[in-house]
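What follows is the residue order along each chain.
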Amino acid sequence: MSIPILTLLVLVPLVGALVASLLAKSNESIVKNVALVSSITTGLLSVWMLIKFPTGSAGFEFVSKHSWVSEWGISWHLGVDGISLFLVVLTGILFPLVIVGIDPHHDHKQYLVWMLVLEAGVMGSFLSLDLFLFFVFFEIVLVPMYFLIGKWGYDQRIYAATKFFIYTMAGSAFMLVGIVATAFLARRDIGYLSFDLIEIAEKSNFATSTGRWLFVGFVIAFAVKVPLFPLHTWLPDAHTQAPTGGSVILAGVLLKMGTYGMLRFGVYLFPEAAVWAKPVLLTLAVIGIIYGAIAATMQKDLKRLVAYSSVAHLGFIVLGTFALTNQAITGGVMQMVNHGISTGALFLMVGMIYERRHTRVIAELKGIQAVAPIFAGFFMLIMLSSIGLPGLNGFVGEFLILIGSFPTARWWVVAATTGVILAALYLLWAYQRVFHGEPDEANKSFAEITKREAMLLSVFVAAIVFTGVYPKPMLNRIEPSVKSLLEHVESRSNYKQPEFKAGE
Amino acid sequence: MLAANMFVGPEIDWFKISPFLVMLGGVLLLILAGSLTPQWKKGAYGIVGALTAAGAAVFTALLWRDLADSAPSSLLANALTFSKFTLFATFSIAIATLLAILVTSGFLVRENEDGPEIFALILSAAIGGMVMVQANDLIVMFLGLETLSLAFYLLTASSRSRSASGEAGLKYFVLGGFASAFFLYGVALVFGATGSTNIDAIAASLSKDMVLGGSSAMLLAGIALLLVGFGFKVSLVPFHTWTADVYQGAPTPITALMGSVGKTAAFVALLRVFSDALSSRSDDWRPVVVVIAILTLVVGSVLAVVQTDVKRMLAYSSISHAGFILVGLVAAGQVASADASLGTSGTLAYLFIYSILVIGTLGIVTVVAGKGDNETSLDAFKGLGKSNPVLAMGMTVLLLAQAGVPLTSGFVAKFGIIRAAVSTGSYTLAVVAMLAAVIAAFLYLRIMVSMWLSEGTTSRDVSVAFSTRIAIGLCVAATVVLGFFPSLLLQFTSQN
């Protein structure tokens, strides 16, 4: 590779943020253009990377490796494989959409700068192949998100932002100790101190109990981020209080850093421990699915409802991850992307409703379908994708997770399936209350979707329908990496996944 | 018993003590020339002080180059030690002094109190600190400690307009006097048990397990008293109670000096005594230090969170940081591990980085406090993000660094300590330290909320003196640059 494309994916937004922050506040349009150019460039680069990505490759592509802190054995090591590929592309595309489509109302410059810093951080997290580097990106993301929620959010924004920051940082505290311990304990097997993910995963040979402790350290951090029941309580607050752009990014890509981390740094580094911890994590995931769904049903605030639905959906992803079969993990990876698209779009639409009505309370909304049918149509489609209707993207991922988990986690799947039904319940019921019926006085003037909003949502809808109808190109790129991950797990533990082949 | 011919003076390598000589020259110049001539131009005293500190830093750097290929040695008849570790600590103190003088200069001009005395005292404190870190003998270390402390007592009480300053000075003086007494008594008992006050000799005597008097009770009591004395100086829990009042009462730039030069000197001395002189007795003192470290981390962080005055907040946060640094000492005391030296190097890096952070942070507090140095409540920072975004951004960087967010020097510092703790097997302590850092992060967030997210009421004119601006700029720049390129610092600290 002559162009260090992955490095560019991280640096372009960062440079954009730097340039934008140096411009005068009054130059609002120039600042906006800088933000647009850098985020769109990043998006295009990520798409170009997707096109160039060799289908069927199981290893890391476009690898770029340079020494960073040689005293500590830390390197700038980036790479992308089937597991991270679509998350990177999702990040690359979601950010320009959010920057174009959502108006922060005040302090545009600062908002855009933080958005770009956030993008660099998220990109870096998905691309890092060095434990230290990953931690740096994983943690740095907190700062822009903190400010986005705290400055541009709603009434309880400072409480929510602080809670978000402290929760995540507390999780990371365990991971940092885990990372350092991993590197030092692996030193004996490798021969020198290295924080390199691949090196540690391939060469290390932790004692069983050591590996388990380290795994727990990592998983606590990721469980907060996902969030996994019972560490989820920051999420409804953060989501509800965040500005629309923040919610979309939070749901779209930020939470995925947790589930992605579980795969990349949990299962890959500590295969034996992952097998060992399987029952606990599966149980927590299923509790999350059902609890999230029930809690969502009870919500009075539309945004909070979507937030709780996230808890449920992420539960499915964790279920798929720790079912440890090719199909389930492939489904999980796919669902990470799908959830980003569907829930991101849902938050976007809730934001649009709030812009018009200045309320998100379900009881105050009524009969919107009668006055804004196209708007309702968009909402319906996105909602159905979130429910997992066949033909739309949500179905593919969820179905793969359930079918793939059945052989290894039967009773958990049985319980989790009720979550699918509950999802239909809370979303359809919400839809009914908000969109059906006769609009009352306040809702009569609900404006129909604007051209800009429609164009923005069309991108999401296109992705929803395309993936739902024709998931094969995506699956083809995800599967080889998942397969090789599981081979790694099988070779390093006494776990064997049951013999069954996906219908090919 | 001493024969007359023993009074031949020791051979003196003048170049190797040049940092001291430069500092001393600066002090004499300020006191003599300053008192014999009419009032200089505004800020001129500060420039002399800053140049002196910078000169000392340059000479230290030159010595470092010479040292690169020679083994550690001792100076002045074994009174001072001369190694990479102590030389870097000296450098660190010189740099911190330079930055603190820059902040002080702007402060004094603003308060119309410009004069040579304060700078002379600051430089004296720096000399005391440098003697402490290079001391190879507990008595010499005590001399350094007293020089440092006496200068600090005066500096703390130096504000004539604020009564809190005098009160804090007296408080500090009384408690600091106690601490010195504890320290000296500890030295006496260790001398009684080992027959020497020389650090190398104590270490040699203890490693042979020869305790005079046949009992180690005297030695243990000595160790305990030393720990109490140091505990006061670096404000470890439960010897921390003076910290908040003194930090709050002292003129803000002096608080910065205490947090940087004072901490560095006392901690390096602590490290020298415990991990060099008493290393073979680490089984005796390590458990105690572990308990103190945990207490300091937790109490410091928790009490920091409930304060409403920024200077008090930073006082408690400095206690929490002290707990973090102590984790490095615990690691350094794990003599059985090949990685024990990571504790020493991690501590050294932490002290350097923290010095810069604390001067930058308190430099900004100095600015915000305004004329009279009184506006240090959390409310005073309200709306700073609107009225002075550059200053607020600088503060944000420094606070994030103190919280240990990656890509700032603060993370490098924390990582170094955690690395040392983990490599020597102190996993629980590492986790406790990290969690305490999370609690402390809440405090930094509170200041950030006040600056950026609260609706501002600050209409006060916040003006930043030129020298203060340089100091804050340097601190922020160093924080970011070291965050991105830790090697710039680590190549120096990890070689000992």
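If you're wondering where the values come from, they're calculated on a predicted model, not measured in any experiment.

J.: Teacher, can you tell me more about the overall build of chain A here?
T.: In terms of helices and strands, chain A carries 22 helices and two strands. Taken against the 2.2 N^0.38 rule, which gives 23 Å for 504 residues, the C-alpha radius of gyration of chain A at 22 Å falls within 12% of a compact globule. With the C-alpha coordinates of chain A rotated into their principal frame, the extents come out at 75 × 55 × 40 Å. Looking at the 504 residues of chain A, the share that counts as buried comes to 66%. Within chain A, counting contacts between residues at least 6 apart in sequence, those at least 24 apart form 81% of the total. Here chain A displays about 16800 Å² of accessible surface, and carbon together with sulfur accounts for 65% of that area. Distance from the positive charge centre (34 side chains) to the negative charge centre (30 side chains) of chain A: 1 Å.

J.: Sorry if this is basic, but what is going on with the interface of chain B and chain A here?
T.: Often the size quoted for an interface is simply the accessible area lost on bringing the parts together. Listed by partner, the interface residues are 37 residues for chain B and 36 residues for chain A. By the criterion of area lost to chain A, the three top residues of chain B are B:F415, B:R419 and B:L453, representing 19% of everything that side buries. For the pair chain B and chain A, the interface holds zero salt bridges. Along the contact surface separating chain B from chain A lie two residue pairs in polar contact (both at pLDDT 80 or more). Elements with a contribution of two residues or more to the side of chain B that touches chain A: α15 (389-403), α16 (409-423), α17 (427-453), α18 (466-484) and α19 (487-493) of chain B. Of the residues that constitute the side of chain B that touches chain A, the class distribution is 28 nonpolar, seven polar and two charged.

J.: Would you take a moment to explain the packing of helix α3 (residues 82-101) of chain A against helix α15 (residues 326-357) of chain A for this structure?
T.: Axis angle and axis distance: for two packed helices, these are the angle between their axes and the distance between the axes, and together they describe the pair. Residue and element names in this part refer to chain A. Where α3 contacts α15, the two axes come as close as 9 Å, and the packing angle between them is 10 degrees. The orientation of α3 with respect to α15, classified from their angle, is roughly parallel. Here G82, I83, F86, L87 and L90 of α3 lie close against α15, whose contacting residues are V333, M336, V337, G340 and I341.

J.: Would you mind showing me how to read the environment of B:V302 here?
T.: Residues and elements named next belong to chain B. Relative to the elements of secondary structure, V302 occurs in helix α11 (residues 282-305). V302 gets classed as partly exposed once you look at its relative accessible area, which sits at 39%. It is 7.2 Å that separates the C-alpha atoms of V302 and A440, two residues lying 138 residues apart in sequence.

J.: Would you explain the pattern of salt bridges in this entry?
T.: Pairing is possible between side chains that carry opposite charge, provided their charged atoms lie close to one another. Residues and elements named next belong to chain B. Under the criterion given, the structure shown has 16 salt bridges over all chains. Residue R312 is joined to D245 by a salt bridge in which the shortest nitrogen-to-oxygen separation is 3.1 Å. Within this pair, whereas R312 is found in helix α12 (residues 310-332), its partner D245 is found in helix α9 (residues 242-249), the two being separated by 67 residues in sequence. Across the pair D379 and K382 runs a salt bridge whose closest N-O atoms are separated by 3.7 Å. Take K382: its relative accessible area is 26%, and that puts it in the partly exposed class.

J.: Please explain helix α1 (residues 5-22) of chain A as it appears in this structure.
T.: One turn of an α-helix holds 3.6 residues; hence residues three or four places apart share an orientation. Residue and element names in this part refer to chain A. Its 18 residues place the ends of α1 25 Å apart at the C-alpha level, agreeing with the 26 Å of an ideal helix rising 1.5 Å per residue. The largest bend in α1 amounts to roughly 30 degrees and is located at L11, with the proline P13 lying one to four residues further along. Where α1 is concerned, the buried positions are I5, L6, T7, L9, V10, V12, P13, G16, A17 and A20. The elements touched by buried residues of α1 are α2 (28-52), β1 (61-69), β2 (74-80), α3, α4 (108-127) and α5 (131-140).

J.: I'm lost on the layout of surface pockets in this one. Help?
T.: Any empty space left between the atoms is revealed when a probe the size of a water molecule rolls over them. In this structure, the largest pocket spans a volume of roughly 1700 Å³. In this structure, the largest pocket is lined by 49 residues; those nearest its centre are A:L18, A:S21, B:M393, B:V397 and B:V480. Residue assignment for the lining of the largest pocket shows that the elements contributing at least two residues are α1, β1, α4, α5 and α6 (142-152) of chain A together with α15 and α18 of chain B.

J.: Help me out: how do you make sense of the packing of helix α14 (residues 302-323) of chain A against helix α18 (residues 393-405) of chain A in this one?
T.: Residue and element names in this part refer to chain A. Remark: α14 packs on α18, axes separated minimally by 9 Å, with the N-to-C direction vectors making an angle of 40 degrees. Between α14 and α18, the angle falls in the class oblique. Every pair of crossing elements has a handedness; the one defined by α14 and α18 is left-handed. Residues H313, F316, I317, L319, G320 and A323 of α14 touch α18, and the partners they reach there are E398, I401, L402 and S405. Each residue belonging to the contact of α14 with α18 can be placed in one class, and the counts come to six nonpolar, three polar and one charged.

J.: Would you mind going over the confidence of the model for chain B with me for this structure?
T.: As a general rule, the predicted coordinates of low-pLDDT regions are not to be interpreted in detail. With 94% of its residues at a pLDDT of 70 or more, chain B has an overall mean of 87. Both scores are given for the predicted complex: the pTM is 0.89, the ipTM 0.85.

J.: How do you make sense of the environment of B:L175 when you look at a structure like this?
T.: Residue and element names in this part refer to chain B. Residue position: L175 is located in helix α6 (residues 163-194). Along the backbone, L175 and T241 are 66 residues apart, and their C-alpha atoms lie at a distance of 9.6 Å. Apart from residues lying up to four places away in sequence, L175 is in contact with F232 and W242.

J.: Looking at this structure, how should I read the pairing of β1(A)?
T.: Side chains on a regular strand alternate between the two faces of the sheet. Bridge analysis of β1(A) against β2(A) gives six bridges, and the strand direction is antiparallel. Within the sheet, the bridge partner assigned to A:V69 lies in β2(A) and is A:I74.

J.: I tried to follow unusual backbone geometry on my own but got confused; where do I start?
T.: Residues and elements named next belong to chain A. Put simply, V226 and P227 share a cis peptide bond, and its omega is -10 degrees. Position of P227 among the secondary structure elements: in the loop between α9 (208-225) and α10 (234-241). Of note, the amide linkage connecting F229 to P230 takes the cis form, showing an omega dihedral of 0 degrees. Among the secondary structure elements, P230 is positioned in the loop between α9 and α10. At L324, a position not held by glycine, the phi torsion is positive, near 55 degrees.

What counts, and at which threshold
Note that residues are indexed from 1 along each chain, following the sequence as it is written. Lettering for chains starts from A, numbering for ligands starts from 1, and both go in the order in which the items are written. Predicted model: local features are reported for residues with pLDDT of at least 70 only, side-chain atom pairs are reported and counted for 80 or more only, and whole-chain, interface and lining totals are derived from all residues. Hydrogens and water molecules were not included; the side-chain quantities draw on all heavy atoms of the structure. Working definition: helices are DSSP H or I runs of at least four residues, strands are E runs of at least two. Numbering for both runs from the N terminus. Between the two quantities, the radius of gyration covers C-alpha atoms and the globule rule is 2.2 Å times the number of residues to the power 0.38. Burial classes follow relative accessibility: with a 1.4 Å probe on protein chains only, a residue under 20% of its type's maximum area counts as buried, one over 50% as exposed, and anything between as partly exposed. When checking whether two residues touch, look at their non-hydrogen atoms; a contact exists if any pair is within 4.5 Å. Using the Shrake-Rupley algorithm and a 1.4 Å probe, accessible areas are obtained, with residue cover drawn only from the displayed protein chains. Neither His nor the chain ends is counted toward charge; the positive residues are Lys and Arg and the negative residues Asp and Glu. Lysine's charge is taken at NZ, arginine's at CZ, aspartate's at CG and glutamate's at CD. Throughout, buried area stands for the accessible area (probe radius 1.4 Å) lost by two parts on being put together, summed over both. Note on definitions: salt bridges are taken to be side-chain nitrogens of Lys or Arg within 4 Å of carboxyl oxygens of Asp or Glu. Each polar contact in these results corresponds to two N or O atoms within 3.5 Å; when the atoms are within protein, one needs to be able to donate a hydrogen and the other to accept it, and residues that are neighboring in sequence are counted only if both atoms are side-chain atoms. Under the scheme applied here, ten amino acids are nonpolar (Ala, Val, Leu, Ile, Met, Phe, Trp, Tyr, Cys and Pro), four are charged (Asp, Glu, Lys and Arg), and all others, including Gly, are polar. Helix axes are fitted only over the stretch in contact, all axes being lines through C-alpha atoms; the angle between N-to-C directions runs from 0 to 180 degrees. The cut-offs work like this: below 35 degrees is roughly parallel, past 145 is roughly antiparallel, 65 to 115 is roughly perpendicular, and the gaps in between are oblique. One less than the number of residues in a helix, times 1.5 Å, gives the span that helix is expected to have. The angle between axes fitted to the seven-residue stretch ending at a residue and the seven-residue stretch beginning at it gives the bend at that residue. A pocket, in this scheme, is an open set of points on a 1 Å grid over the protein atoms alone with protein on both sides within 12 Å along at least 5 of 7 lines, while a cavity is a set where a 1.4 Å probe fits but cannot get out; residues line either one if an atom lies within 4 Å of a point. Grid points are joined across faces, edges and corners, and a volume is the space filled by probe spheres set on the points. Should the near helix be turned anticlockwise from the far one by less than a right angle, the crossing is termed left-handed; should it be turned clockwise, right-handed. Values of pLDDT, which run from 0 to 100, indicate the predictor's confidence residue by residue. In this analysis, strands are considered paired if DSSP registers two or more bridges between them.

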